[in-house]
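# Survey of secondary and tertiary structure
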Amino acid sequence: MPKLSRPKTKARVLSSIETYRGPAFWVTTDQVLEPTGVRGRRDIVRHTGWVVILAVDETHSEPRLLLVRQYRHAAQQYLWELCAGRMDKGENELTAAKRELLEETGYSAGRWKRILKFYASPGFVADTMSIYLATSLRSGIAQPEEDEVIQIKFFPLSAAVRMVMAGRIHDGKTISGILWLNQKQGSRKRPK
């Protein structure tokens, strides 16, 4: 078994072949020599990247967050999620986040801050997800894409946390955003 240590170099890609290209993602089959000395085949799903929007209404005594509900075929069910979408070619994260929030919900925000960036499944998916906190919300008219049927609803933070803990929210990016906000709110209330 190879020795686990902090690698000093990245993996060396010996060859890479695009084995699939669709409208949303592409797949490459890479032959690699990893920093640990392991040589192998890695099938990697590639994508332009995702933005996730934690839209929070702070005008109430308890923050309320905006969730969207839509059918997800891969999960075979309707899911409550944070608003999210992929970045278009040449688009930066913040521009994509603003566009997605408006398209899916009709809302825009006066303040934006990236709070998390992570790999959703780094074993075989190369793209990242960036969660943006959006506050100072203003309502408008949603402009969903042709294939999107979306319900939107504000949830008090405590209700959203209960949904996560009861297993009623199944989406990882949404769980991450809700728990981040809950932790942030809890740290504000604790005495220093």
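Read on for a plain summary of the structure. (Residues numbered from 1 in each chain as written. Predicted model: local features only at pLDDT ≥ 70, side-chain atom pairs only at ≥ 80, totals over all residues. Heavy atoms only, no water.)

The number of helices and strands found in the chain is three helices and nine strands. Taken from the N to the C terminus, the helices and strands of the chain come in the order β-β-β-β-β-β-α-β-β-β-α-α. With respect to the principal axes defined by its C-alpha atoms, the chain has extents near 55 × 50 × 30 Å. Relative to its full complement of 192 residues, the chain shows a buried share of 38%. At a minimum sequence separation of 6, the contacts of the chain that also span at least 24 residues come to 55%. Accessible surface, the chain as shown: approximately 12100 Å² in total, 53% of it carbon and sulfur. Computed over 31 positive and 20 negative side-chain charges, the separation of the two mean positions in the chain equals 10 Å. (Helix = DSSP H or I, 4+ residues; strand = E, 2+ residues; numbered from the N terminus. Buried < 20%, exposed > 50% of the residue type's maximum accessible area, 1.4 Å probe, protein only. Contact = heavy atoms within 4.5 Å. Areas by Shrake-Rupley, 256 points an atom, 1.4 Å probe, with all protein chains shown as cover. Lys, Arg positive; Asp, Glu negative; His and termini not counted. Charge placed at Lys NZ, Arg CZ, Asp CG, Glu CD.)

For side chains bearing opposite charge, pairing can occur when the charged atoms are close. Evaluation of the coordinates by the stated rule reveals 15 salt bridges. Among the salt bridges present, the one from Arg-72 reaches Glu-81, with a minimum N-O distance of 2.7 Å. Overall, the relative accessible area of 31% leaves Arg-72 in the partly exposed class. Exposure remark for Glu-81: the relative accessible area of 2% places this residue in the buried category. One salt bridge connects Glu-93 with Arg-114, and the closest N-O pair in it is separated by 3.1 Å. Placement of Glu-93 in helix α1 (residues 93–105) and of Arg-114 in strand β7 (residues 108–119) is noted, with a sequence separation of 21 residues between them. Judged by its relative accessible area of 41%, Arg-114 falls in the partly exposed class. (Salt bridge = Lys/Arg side-chain N within 4 Å of Asp/Glu carboxyl O.)

Take the sheet that holds strand β3 (residues 39–46) next. Taken in spatial order, the three strands of this open sheet run β1-β2-β3, and their pairing is antiparallel. A strand with exactly one partner marks an edge of an open sheet, and here the two such strands are β1 (12–21) and β3. Direction aside, the axes of adjacent strands within the sheet are offset by 20 degrees on average. In the sheet, strand β2 (residues 26–33) pairs with β3 via eight bridges, with the strands oriented antiparallel. Pairing of Thr-28 across the sheet is with Ile-44, part of β3. (Pairing = 2+ DSSP bridges. Axes fitted to C-alpha atoms, helices over the stretch in contact; angles between N-to-C directions.)

What follows deals with the nonpolar core. Core analysis: the biggest nonpolar cluster contains 21 residues, and Leu-54, Leu-65, Leu-67 and Ile-178 have the highest contact counts within it. When contributions to this core are tallied by element, the ones reaching two or more residues are β4 (50–57), β5 (64–72), β6 (77–86), β8 (128–138), α2 (157–165) and α3 (172–189). When residues of this core are assigned to their parent elements, the largest contribution, five residues, is made by α2. Excluding its chain neighbours within four sequence positions, the residues that come into contact with Leu-65 are Leu-54, Ala-55, Val-56, Leu-82, Lys-153, Phe-154, Phe-155, Leu-157, Ala-160, Ile-178 and Leu-181. (Core = buried A, V, L, I, M, F, W, Y, C linked by side-chain atoms within 4.5 Å.)

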